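Letter by letter, the chains look like this.
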Amino acid sequence: MIGDGAVILAISGQLPTGCVPLFLTLFPSSNKLDYESNTGCLKIYNDLATYHNLLLSQELMRLRGKYPHVKISYTDYYDPVQNIVKNSEKFGFSSTPLQVCCGKDGPYNWNIAEVCGMPGVPACSTPSTYLNWDGVHLTEAAYKYIADGWLHGPFADPPIKA
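Residues numbered from 1 in each chain as written. Predicted model: local features only at pLDDT ≥ 70, side-chain atom pairs only at ≥ 80, totals over all residues. Heavy atoms only, no water.

## Describing the overall build of the chain
And then number 1: Within the chain, the secondary structure is distributed over four helices and three strands.
And then number 2: When the elements of the chain are put in sequence order from the N terminus, they spell out β-α-α-β-α-α-β.
And then number 3: A total of 162 residues make up the chain; the buried ones form 38% of that total.
And then number 4: Within the chain, contacts between residues separated by at least 24 positions form 61% of all contacts whose residues are at least 6 apart in sequence.
And then number 5: In the form shown here, the chain has an accessible surface area of approximately 9,000 Å², with 59% of it arising from carbon and sulfur atoms.
And then number 6: For the chain, the distance from the average site of its 11 positive side-chain charges to the average site of its 14 negative ones is 6 Å. (Helix = DSSP H or I, 4+ residues; strand = E, 2+ residues; numbered from the N terminus. Buried < 20%, exposed > 50% of the residue type's maximum accessible area, 1.4 Å probe, protein only. Contact = heavy atoms within 4.5 Å. Areas by Shrake-Rupley, 256 points an atom, 1.4 Å probe, with all protein chains shown as cover. Lys, Arg positive; Asp, Glu negative; His and termini not counted. Charge placed at Lys NZ, Arg CZ, Asp CG, Glu CD.)

Listed below in structure tokens is the structure:
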């Protein structure tokens, strides 16, 4: 993209995959130590996302040195999603942030046999209070919180509008 003239790039990191209802449902563990005590998310997948984001950040620093005329922003998915999961009510979300809005059954309201969009699978009446829409995608309210942090900080380095 830089070779084609791009001078502003926003590169997204990985969200905490261990907090995604699809992963929580498909890869459950009977060992409570496999879950983060403060979030209920699966540690192994969040550790992998953290490692990915570290390597990505390091590479972006290298690219910033190589292309000083280009604004390269690292846009963080991990921290804003963790903020919502840890303090959901503070941000206006439900007290069960790992539950999906559009789904059916299971501990996270997500079931691989009956996913959002299928006949008989309901959506909640208050999607703006949910972090997760369908077990894979976030809700509009969650994306707004994240986008605001990307545009103005603190979830982008540097913020896109800085």
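Picking up where we left off.
## Some details on the pattern of salt bridges
And then number 1: Within the structure shown, the criterion is met by three salt bridges.
And then number 2: One salt bridge connects E59 with R62, and the closest N-O pair in it is separated by 2.5 Å. Taken as a pair, E59 and R62 lie in helix α2 (residues 43–66) at a separation of three residues, close to a single helical turn.
And then number 3: When its relative accessible area of 32% is taken as the criterion, E59 is described as partly exposed. (Salt bridge = Lys/Arg side-chain N within 4 Å of Asp/Glu carboxyl O.)

## Notes on the packing of helix α3 (residues 78–86) against helix α4 (residues 140–152)
And then number 1: Relative orientation of the contacting elements α3 and α4 amounts to 130°, with a least axis distance of 9 Å. Judged by the inter-axis angle, α3 sits oblique to α4. Crossing handedness for the pair α3 and α4: right-handed. Residues P80, V81, N83 and I84 of α3 form the contact with α4, whose own contacting residues are A142, Y145 and I146.
And then number 2: Among the residues forming the contact of α3 with α4, the class breakdown is six nonpolar, one polar and no charged. (Axes fitted to C-alpha atoms, helices over the stretch in contact; angles between N-to-C directions. Parallel < 35°, antiparallel > 145°, perpendicular 65-115°, else oblique. Left-handed = near helix turned anticlockwise from the far one by under 90°. Nonpolar A, V, L, I, M, F, W, Y, C, P; charged D, E, K, R; others polar.)

Keep in mind these values describe shape, not function.
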